[in-house]
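Listed below, chain by chain, are the residues.
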Amino acid sequence: MLARFRLSAALAALALGAVPALAQELKIGAINPYSGGMALYGDELTRGYELAAEQANATGGVLGRKVAIVRGSATTPQEGIAAVEQLVGRDKVEALIGTYVTAISNAASESALNNSKIYWETAALSRDLTNRGLPNFARATPSSDDFARRSVEGTLKLVAPALGKAPKDLKVWIEHEDSAYGTSIAKEQEKLLKEAGVQVGVGSHSFKSVDLSDSILRAKNFAPDLWLGTNYVVDANLLLRTAREQNFKPGAIMLVGTGDTFETAEALGKDYLQGILLVSYPRADISESYGPGAGKFLAAYREKYNRDPIAPQAMGAFVGMKILLEAVKTAGSTDYDKVMKAAAAMDKPLGTYETGYGVKFDDKMQNTRALPVIAQWQDGQVRAVYPAEAAGQGVKPIDLQRK
Amino acid sequence: MGDDPAVTDLINIVAVGILLGGIYALVSVGLNLIFGVIRVVNFAQGEFVMLGMYGAYGAYAFLRIDPYLALLIVLPALFLLGAAVQRLIITPLQNEPSMQIFATFGLLLLLENVVLALTRGTAYSVPSQLAQVSVSIGSAQVGLVRVIALLAASAVAVALGLFLKYAMLGKAIRAVAQDRRAALLMGVNVDRVNLVTFGIGAALAGLAGCLLSPIYTLSPQIGTTFILPAFAVVILGGLGSVTGAYVGGFIVGMTEALAGYYLDPALKHAVLFAVFIIVLVVRPSGLFGQVGAEEVGLREQS
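Calculation rules
Residues numbered from 1 in each chain as written. Chains lettered and ligands numbered in written order. Predicted model: local features only at pLDDT ≥ 70, side-chain atom pairs only at ≥ 80, totals over all residues. Heavy atoms only, no water. Helix = DSSP H or I, 4+ residues; strand = E, 2+ residues; numbered from the N terminus. Buried < 20%, exposed > 50% of the residue type's maximum accessible area, 1.4 Å probe, protein only. Contact = heavy atoms within 4.5 Å. Areas by Shrake-Rupley, 256 points an atom, 1.4 Å probe, with all protein chains shown as cover. Phe/Tyr/Trp six-rings, centres within 6.5 Å; stacked < 30°, edge-to-face > 60°. pLDDT = per-residue confidence, 0-100. Expected span 1.5 Å × (residues − 1). Bend = angle between axes of the 7 residues up to and from the residue. Polar contact = N/O pair within 3.5 Å; in protein donor to acceptor, adjacent residues only side chain to side chain. Axes fitted to C-alpha atoms, helices over the stretch in contact; angles between N-to-C directions. Left-handed = near helix turned anticlockwise from the far one by under 90°. Nonpolar A, V, L, I, M, F, W, Y, C, P; charged D, E, K, R; others polar. Pairing = 2+ DSSP bridges. Core = buried A, V, L, I, M, F, W, Y, C linked by side-chain atoms within 4.5 Å.

Examining the overall build of chain A
- A count of helical and extended segments in chain A gives 14 helices and 12 strands.
- If you line up chain A on its principal axes, its C-alpha atoms span 80 × 45 × 40 Å.
- The buried share of chain A, reckoned over its 403 residues, is 58%.
- In chain A, the proportion of contacts linking residues at least 24 apart, taken out of those at least 6 apart, comes to 68%.
- Within the structure as shown, chain A displays about 15700 Å² of accessible surface, and the carbon and sulfur contribution to it stands at 54%.

Here you go:
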């Protein structure tokens, strides 16, 4: 009965030529892990998408249509492919966005291409994703290379002066977990640091290791001025705890990608973390002049979810979605080739968005104006300190030298 | 000579190996009881350790008590869980040893995924004041919590050895391990012995979990990272031998530490399992196991 009513109502609407007013929602499929060990971050990214969709809908939607986010859960590459098939086939999504894990993004974006849909990346880091040159794939957020570059910039401009050393006198130990994530960042760091004349030692470990004392002893023997680590959360915590036990005191510590959440604060305590540098996605506490609207984003997040953001990735996902919606508007369509063309033509300076990002895609469709910031643990809080203009009001770098 | 950096390195790495051995011995002692004595290949043993760790975290989060005090809650809880697993899963499959293995593997996945669902992958840590204390022993610097784990492993090994040798229940456990039917004929309550043994084995895993919780950041997968080396420890040391599990722990710990430092951290497990295979080929019953002990599990047991 109800079905018949709906059908007749739709027919009546058609007859009256009222289709634009009843235009279908513009559905965007969000591929992320929503169960299992990575669900915390999968959910967090999607909160960013939902806030961006709400903001767009409040001002009339996109192409005259309401934007709706449909979740597709993927904890493995195979599930990523299945989720794309389901979202396109059953839910009729017109674009796909994601993804907390590089391997899932890799498989899901190929599946999206087979279904002639755009795959808009807002989190996965590996530079290889854009290097594939897939015609439906673009990344609006930083790549692993950007994290490596920012960490080297911080080494040369923050750490070296603070320790009173010239780059050629600086010794840096690069410690990384040995999957593609840590290895790709470490390789780029090594290359860039050596180009700058810095003395470099490199150590790797499995993030599943039961013991990392050997990694600490190797690093300790190198007597580095800076201990530069790219790890996952569990091994980062074990490394720091073992360093404390072994009385390993490098001149300074910088962590890339992780080490900036309550998970590390709980494991180490704020006293030990004091002064440690973090290369991280821009957080909502950055200055309004660097990331205009960051404060508004934070307020909107708090209002909708009744808490502070769990991780800074949410604001990156929010901005990534905004850029996608702008490209769709300019393209006047969700056809992937038209959206990609519109995105490629975008030219917005740094400091346009809440995260401080601008937009300028390179020939592989990597946004070259999406940069991480360097933050620092200060009294149990993570504060952006570099670039200086990103620092919030009254925030300054504190002594980074290990005591 | 003490100033020679190579010697200092060696002393440090030996200290690391001994402490890691203590951790492995602690994790393996319960497995040795269940696998080595009552012959159940319990893949879920690592998950019992994991539950012990989360128990310590829960005790901290809800009751604000130290992980060492949490033992008072976690040990009885794990004993009961172990006894329940034995009664509800292991006993019905008594005549199907290979199905028992699959069942414990299923239990591993069940426990891991339940904890995953409850925590949604958040990595928790148990803050303990002791975790920040580090002591110097000669030129080696070691964490106090690791020393405590080593001492606990030693105490448990001694206590368990004495228990199995002299206590009536210990003798009964050994009797059941050697010949189930003969033990039954001698009036041993075999069902009760199995129940209690599994319970003690699980409680020992809970002990390991609590004592190791100040060292590690908790993840639902942490149990599986322990289980493979723990099986290596039990088999290397000799099935059913408490001394074997204790010494095996140190062999595994020392091998990992030396290989990790002097060769390559990525080769740690490759070297360990190469040593494992060599020992098995040369001495199939393990270093301290009775010759032929490895075959007991294959004997008709019903």
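That covers the picture; the talk isn't over yet.
With respect to the packing of aromatic side chains
Residue and element names in this part refer to chain A.
- Applying the stated criterion across every chain yields a total of 20 aromatic pairs over all chains.
- Here the aromatic rings of Phe 297 and Tyr 301 are separated by 6.1 Å at their centres, their planes lie at 50 degrees, and the arrangement is tilted. Of this pair, Phe 297 and Tyr 301 both sit in helix 12 (residues 294–305), four residues apart, roughly one helical turn. An identical accessibility class is assigned to Phe 297 and Tyr 301; each is buried.

Examining the confidence of the model for chain A
Residue and element names in this part refer to chain A.
- With 94% of its residues at a pLDDT of at least 70, chain A reaches an overall mean of 91.
- Of all helices and strands in chain A, the one with the weakest mean pLDDT is helix 1 (residues 2–15) (48), whereas strand 4 (residues 118–121) scores best (98).
- Low pLDDT, under 50, characterises residues 1–5; the predicted model gives this stretch zero contacts beyond four residues in sequence or across chains.
- When the criterion is pLDDT under 50, residues 9–22 qualifies, and its contacts beyond four places in sequence or with other chains add up to four contacts.

What to know about helix 6 (residues 144–163) of chain A
Residues and elements named next belong to chain A.
- For helix 6, built from 20 residues, the straight-helix expectation of 28 Å at 1.5 Å per residue is met to within 8% by its first-to-last C-alpha distance of 27 Å.
- At Thr 155, helix 6 shows its largest kink, close to 35 degrees.
- A side-chain oxygen of the first residue of helix 6 lies 3.2 Å from the backbone nitrogen of Asp 145; this N-cap is Ser 143.
- Just downstream of helix 6, Gly 164 is the residue with a positive phi angle, here 70 degrees.

Quick notes on the packing of helix 8 (residues 213–222) of chain A against helix 10 (residues 242–263) of chain B
- It is the contact of helix 8 of chain A with helix 10 of chain B, at a shortest axis distance of 9 Å, that shows an interaxial angle of 35 degrees. Considering how the two elements wind past one another, helix 8 of chain A and helix 10 of chain B form a crossing that is right-handed. Residue-level contacts link Asp 214, Leu 217, Arg 218 and Asn 221 of chain A of helix 8 of chain A to Glu 256, Ala 257, Gly 260, Tyr 261, Tyr 262 and Leu 263 of chain B of helix 10 of chain B.
- Taken together, the residues of the contact of helix 8 of chain A with helix 10 of chain B break down into five nonpolar, two polar and three charged.

Side note on the pairing of strand 12 (residues 381–386) of chain A
All names here are of chain A.
- Examined bridge by bridge, strand 11 (residues 373–378) and strand 12 share five bridges and lie antiparallel to one another. In the strand pairing of strand 12, Gln 376 is matched with Arg 383.
- The turn joining strand 11 and strand 12, which pair antiparallel and follow one another in sequence, is formed by two residues; a positive phi near 50 degrees is taken by Asp 379.

Considerations on the nonpolar core
- Grouped together as the largest cluster of nonpolar side chains are 104 residues, with contacts concentrated most on Trp 227 and Leu 240 of chain A together with Leu 26, Phe 48, Leu 212, Tyr 216 and Phe 226 of chain B.
- If we ignore the near neighbours within four places in the chain, the residues touching Trp 227 of chain A are Trp 173, Glu 175, Ile 216, Ala 219, Leu 239, Leu 240, Ala 243, Phe 248, Pro 250, Ala 252, Ile 253 and Met 254 of chain A.
- Judged by nonpolar contacts, the second largest core, of 87 residues, contains Leu 45, Ala 123, Val 159 and Val 373 of chain A.

Here we look at the sheet that holds strand 2 (residues 67–73) of chain A
Residues and elements named next belong to chain A.
- Overall, parallel pairing links the five strands, which are arranged 2-1-3-4-5 in an open sheet. Either end of the sheet is taken by a strand with one partner, and the two such strands are strand 2 and strand 5 (137–139). The mean inter-strand angle of the sheet, taken between neighbouring strand axes irrespective of direction, is 25 degrees.
- The sheet strands contacting helix 4 (residues 102–114) are strand 1 (26–32), strand 3 (95–98), strand 4 and strand 5, and the helix crosses strand 4 at an angle near 155 degrees.

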